[in-house]
Amino acid sequence: MFGKTFTTQDVLPTLEEGGRKQLYPKENFSHIEELKKLNRSLNMKYIELLTFLIENPEQYQSKVEDIELILINMHHLLNSYRPHQARQTLITLLENQIQNRKDQIKSNNQGIQQVTKMFEDCVNILEKE
């Protein structure tokens, strides 16, 4: 166990593997647009559920299952976006570190210039005496 290397593949299982229907395309889609579509569908299904509860309250289960499927799809879509989010967060963190180091270098260079000027002033004063 110790000394062995392990590789981890962080693969998100598909909805079909989990026994659920996928409501958005499998490839070449915009996460934002698909989330907007799912959100609109969720709102419509919720209104349908409310209407259904008023008219026929005993048979609400199918509408609840539709809402559950939409929410699961939204959750899965958001989870599939997490690796991109992690990369962007890391990029932002590294850019901030680079900027902080550049600022520190600039500050150090200014300090060096001040000290160099002070030494030059001291040498000039000593040469005059």
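Residues numbered from 1 in each chain as written. Predicted model: local features only at pLDDT ≥ 70, side-chain atom pairs only at ≥ 80, totals over all residues. Heavy atoms only, no water.

## Concerning the pattern of salt bridges
Working step 1: A full pass over the atoms with the stated rule returns seven salt bridges.
Working step 2: Here Glu 16 and Lys 26 are joined by a salt bridge, their closest N and O atoms 3.1 Å apart. Within this pair, whereas Glu 16 is found in the segment before helix H1 (31-55), its partner Lys 26 is found in the segment before H1, the two being separated by ten residues in sequence.
Working step 3: Classification of Glu 16 by relative accessible area gives partly exposed; the value is 39%.
Working step 4: The exposure class of Lys 26 is exposed, given its relative accessible area of 60%.
Working step 5: The partner of Lys 45 in a salt bridge is Asp 66, with the nearest N and O atoms 3.5 Å apart. One end of the pair, Lys 45, is in helix H1; the other, Asp 66, is in helix H2 (residues 61-128), with 21 residues separating them in the sequence.
Working step 6: A residue is classified by how much of its surface remains accessible, and Lys 45, at 23% relative accessible area, is partly exposed.
Working step 7: Within this structure, Lys 45, Glu 48, Lys 63 and Asp 66 form a network of salt bridges that share partners. (Salt bridge = Lys/Arg side-chain N within 4 Å of Asp/Glu carboxyl O. Helix = DSSP H or I, 4+ residues; strand = E, 2+ residues; numbered from the N terminus. Buried < 20%, exposed > 50% of the residue type's maximum accessible area, 1.4 Å probe, protein only.)

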